[in-house]
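# Coordinate inspection notes
Here is what each chain is made of, one letter per residue.
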Amino acid sequence: MSNELGLTVKPVCGISPEDEARVAAWIDTEEYRQKNFARQALTINPAHACQPLGAELAAHGFEGTLPFVHGSQGCASYYRSTLNRHFREPAPAVSDSMTEDGAVFGGQNNLHEGLENALALYKPKMVAVFTSCMPEIIGDDLTAFIKNARAKGIVPKDLPVPFANTPSFNGSHVQGYDAMVLAILQTLTAGRKVEGRCTGRLNLLPGFDANTGNYREYKRILEAFGIPYTLVADISDTFDSPNDGTYRLYPGGTKLEDAADSVNGKATLTLGAYATAKTFAWIKEEYSGVHASLPMPIGVAKTDAFLLKLSQLFGKPVPESLKAERGRAVDAMTDAQQYLHGKKFAVYGDADLLLGYVSFLLEMGATPYHVLCSKGSKKLEKELQALLDASPYGKAGKVYMNRDLWHLRSLLVTDPVDAVIGDTHGKFAARDAKVPLFRLGFPIFDRVNKHRVPLVGYQGAINLVTELVNKFLDLKDETCEERFFEMMR
Ligand code: SF4
C-alpha cells in the first residue's frame, strides 16, 4: 500500500475501510447499546480520577503544606499534571519514587529518604502523606514508617505529618479527598479541644471542589453575614494566586492554627455530604458546637437553604445585599427560562455536583435526562431519583449509577439530548453525538478560566444561566436558515 506521496506504507492492522465504517455505524445502534450496558469487567473512560489525586487537592488547601506521594513517580506526575492543567497553576508536590526494590522490600527507605530531602529542600510547615496503588498493594504500614522516621530524627517532633491511605483500586478522588482532610484535621486538632472554649467561628467544609471561584463566593457570603469562619482546605489562593513576578511555593491555604482550633468551633457545616462523609462523621463525634450537612448550594433552592442555615446557626438575618442578589438571580432565570425550558441534558460527575446540576436544571424547567455517575452508591441513586421525581420536568430523567463515559456515548447516540454537562473527558462522546458540552466539572483541560467562575450561590445561578443559554443562542445563530437570522432572540 502506498500513500499520496507514493511512499510504501505498512498497514498497522488488517481492518478494511469498509469494516471500519461498518463498526463505526454499529456502535451507534441500540443493539450495541445493549451489549455495552451488559459489560461488567471493563471500565472505559471513567468520570472520576484516583484517590490520591483528591488527597493532593486537599493537602494543597492548607497553609505551608507539602503534598507527599508515597509511591510511584509516574502516579505523582499524573496528579500534578491533572491539577496543573485544570488550574493552569503549579501544583508543587513530591514523591518518594518507589520502584521495583520498594515493591519487593517495602517502601520505608523511600519514605524516609524522601522526607529527609523534602524537609531540607522545601521547608514545609506540614507534610501531608498519601499513597499510590503500589504501596497499598504490598501493604506498607504508614503508621509504623512515620513513627520510625520520628524515632530516627528524620521528622522533627513538632512537624505535623498527617497521612492517609488512598488505595486507587477502591473509591475515587472524592474518597481520597475525604481521607486526607480527615487525617489532617485529626492530626492538627489532637489535644486541642478545650472544654468550655468556643471560637465563635463557623467551620465550613466545601468538599472536593476544584472551582476557586466557589471558595471566594463562600467567603464573600460569610463576610456579607459578618460570620467569622474557617474555610477548611481552602485552595482559592493556592490555585488562583496573582502573577506578580514572585513565585511562592505555598501561596495560600487554611491557616494551620485555625484548622487546629476548629475543634472548638461554634458550628461546623459541610456542603459536600458525599465528599466529606468520613470527615463529617468524625467531626460529629469530636467537634464542639452544632453540626450540619447541606447539599452544595447550586441553584436558588439550595442557596436559600444555605443562607437560612447560616442565619439560624448564627442568629443573624440574611443581609439585604444577598436578598437583592437572590432577586437578581430569579430575574435572570425568569428572563432566560424560555430558552432552557424543555431542553434535555445529560449530566455526569461527582455526587455533590450532580445533585446541584439536577436541582438547577429542574428550576429552569429543563430535563436532566441522563444522569450518570461512575462511582456512586445506592443512597446517591435514590437521592437523585427523588429529586427527579419531585419535579414534572424530571419525570423522564433516569439515573445511571456506576457507568462510564463509554456508556454515556451509547446513551447520547441512541436516545439524544440537547446538551451535556460534565468535565473535559466527555468531549468525545458529545462530539460524536453532535451536541454541546458545558464544561462545569473537574478536570477542565481545554478551556480557560472555568475554575474562576463560581457556580454556587445566587451569583453562581446567574453564571450558569448565562453560560447555558448564550451557547444555545449562539448555536441558533450559527445554524439557522437565513430567514430566521434575527436581531432579537
Ligand atoms: S490508579 Fe493507581 S497506578 Fe494509576 S495513577 Fe492512580 S495511584 Fe497510580
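Position numbers for residues start from 1 in each chain and track the written sequence from start to end. Local features in this predicted model are restricted to residues whose pLDDT is 70 or higher, and side-chain atom pairs enter the listing and the counts only when it is 80 or higher, whereas totals over whole chains, interfaces and linings include all residues.

## Remarks on the overall build of the protein
We count a stretch as a helix when DSSP gives it H or I for four or more residues in a row; a strand needs E for two or more, and each element gets its number in order from the N terminus. Counting its regular elements, the protein contains 19 helices and 13 strands. The C-alpha radius of gyration computed for the protein amounts to 24 Å, which stays within 12% of the reference 23 Å derived for 489 residues, consistent with globular compactness. Counting only C-alpha atoms, the protein reaches 75 × 70 × 45 Å along its principal axes. Taken over 489 residues, the protein has a buried fraction of 48%. Radius of gyration means the value over C-alpha atoms here, while the globule rule gives 2.2 Å times the residue count to the 0.38 power. Burial in this document is a count-based property: other C-beta atoms within 10 Å of a residue's C-beta are tallied, and the residue is buried at 20 or more, exposed at 12 or fewer, or partly exposed in between, with C-beta positions derived from the backbone.

## Digging into helix H3 (residues 51-60)
Judged by how many residues are buried, H3 sits mostly within the fold: 10 of 10 residues are covered. Along H3, the residues classified as buried are Gln 51, Pro 52, Leu 53, Gly 54, Ala 55, Glu 56, Leu 57, Ala 58, Ala 59 and His 60.

## Structural notes on the sheet that holds strand S8 (residues 290-293)
Hydrogen bonding along the main chain pairs the strands of a sheet, whether they run parallel or antiparallel. With parallel pairing, the 4 strands of this open sheet are ordered in space as S6-S5-S7-S8. Only two strands of the sheet have a single neighbouring strand rather than two, namely strand S6 (229-231) and S8. Adjacent strand axes in the sheet meet at a mean angle of 15°, parallel and antiparallel pairs treated alike. Strand pairing follows a simple DSSP-based rule, namely that at least 2 bridges must link the two strands. As paired elements, strand S5 (residues 202-205) and strand S7 (residues 267-270) share 4 bridges and run parallel to each other. Bridging from a neighbouring strand, Asn 203 pairs with Thr 268 of S7. Axis geometry follows a simple rule: fit a line to the C-alpha atoms, using only the stretch in contact for helices, then measure angles between N-to-C directions, giving values from 0 to 180 degrees.

## Observations regarding the UniProt feature "domain: Nitrogenase/oxidoreductase component" (unreviewed entry) in the protein
UniProt positions are given in the numbering used here, feature names are shortened, and annotations may be inferred rather than shown by experiment. Taking the UniProt record as the reference, the feature "domain: Nitrogenase/oxidoreductase component" (unreviewed entry) is found at residues 50-472. The distance from the first to the last C-alpha atom of residues 50-472 is 34 Å, and the span holds 48% helix and 13% strand.

## Focus on the domain arrangement of the protein
Domain boundaries in the protein define domain 1 (51-189), domain 2 (202-321) and domain 3 (330-479). Just so you know, the domain bounds were taken from an automatic or database domain assignment. One C-alpha centre belongs to domain 1, the other to domain 2; they are set 24 Å apart. C-beta atoms are first placed from the backbone for all residues, and any pair lying within 7 Å is then listed as a contact. Taken together, the contact between domain 1 and domain 2 spans 27 residues of the former and 26 residues of the latter. At the level of secondary structure, the elements contributing two or more residues to the side of domain 1 that touches domain 2 comprise H3, helix H4 (73-87) and helix H9 (173-189). Split by residue class, the side of domain 1 that touches domain 2 holds 15 nonpolar, 8 polar and 4 charged. In this classification, Asp, Glu, Lys and Arg are treated as charged, Ala, Val, Leu, Ile, Met, Phe, Trp, Tyr, Cys and Pro as nonpolar, and every other residue, Gly included, as polar.

## Quick word on the packing of helix H6 (residues 108-122) against helix H8 (residues 142-151)
Axis separation between H6 and H8 bottoms out at 10 Å; the angle between their running directions is 45°. Taken together, the axes of H6 and H8 are oblique relative to one another. Here the hand of the crossing between H6 and H8 comes out right-handed. Here H6 contributes Gln 108, Leu 111, His 112 and Leu 115 to the contact with H8, which in turn contributes Phe 145, Asn 148 and Ala 149. Class assignment of the residues belonging to the contact of H6 with H8 gives a composition of 4 nonpolar, 3 polar and no charged. Geometric relationships in this document are graded by angle, where less than 35 degrees denotes roughly parallel, more than 145 denotes roughly antiparallel, 65 to 115 denotes roughly perpendicular, and other angles denote oblique. Crossings are classed by handedness, with left-handed meaning an anticlockwise turn of the near helix from the far one by less than a right angle and right-handed meaning a clockwise turn.

## Remarks on the pairing of strand S12 (residues 419-422)
Residues Ala 419 and Ile 421 of S12 are buried on one face, and the alternating residues Val 420 and Gly 422, pointing to the opposite face, are buried as well. One ladder, built from 3 bridges, connects strand S9 (residues 344-348) with S12; its direction is parallel. Counterpart to Phe 345 in the pairing with S12 is Ala 419. Crossover handedness is defined here as right-handed if the route from the first strand over the helix to the second strand goes clockwise, with the strands pointing away from the viewer. In this region the chain leaves S12, passes through helix H18 (residues 427-432) and returns to the parallel neighbour strand S13 (residues 437-439); the handedness of that crossover is right-handed.

## What to know about the site of the ligand
Taken together, Cys 50, Pro 52, Ser 72, Cys 75, Tyr 78, Ser 132, Cys 133 and Ser 168 are the residues near the ligand. Here the residues of the shell around the ligand sort into 5 nonpolar, 3 polar and no charged. Residues are classed as near a molecule or strand if the C-beta position derived from their backbone is within 6 Å of it.

## A few points about the sheet that holds strand S1 (residues 65-70)
Spatially, the 4 strands line up as an open sheet ordered S2-S1-S3-S4, and their pairing is parallel. Two strands close off the open sheet at either side, each with one partner strand: strand S2 (94-95) and strand S4 (163-164). With 2 bridges connecting them, S1 and S2 associate as parallel partners. Its bridge partner being in S2, Phe 68 is matched across the sheet by Val 94. Contacts from H6 reach S1, S2 and strand S3 (126-131), with the element oriented near 160° to S1.

## Brief notes about the nonpolar core
By convention in this section, buried Ala, Val, Leu, Ile, Met, Phe, Trp, Tyr and Cys residues joined through C-beta atoms within 7 Å make up a nonpolar core. Counting residues in hydrophobic clusters, the biggest one holds 128 residues, and the most contacted among them are Met 180, Ala 346, Leu 354 and Val 358. When residues in this core are grouped by element, the largest group, 10 residues, is from H9. Those residues within four positions of Met 180 in sequence are excluded, and the remaining contacts are Ala 55, Ala 58, Ala 59, Ala 128, Phe 130 and Ala 164.

## Some points on the environment of Ser 311
By the secondary structure assignment, Ser 311 is in helix H13 (residues 300-314). As for Ser 311 and Ile 227, which are separated by 84 residues in sequence, their C-alpha atoms are 9.5 Å apart. Once residues within four sequence positions are removed from consideration, Ser 311 is found in contact with Lys 316, Pro 317 and Val 318.

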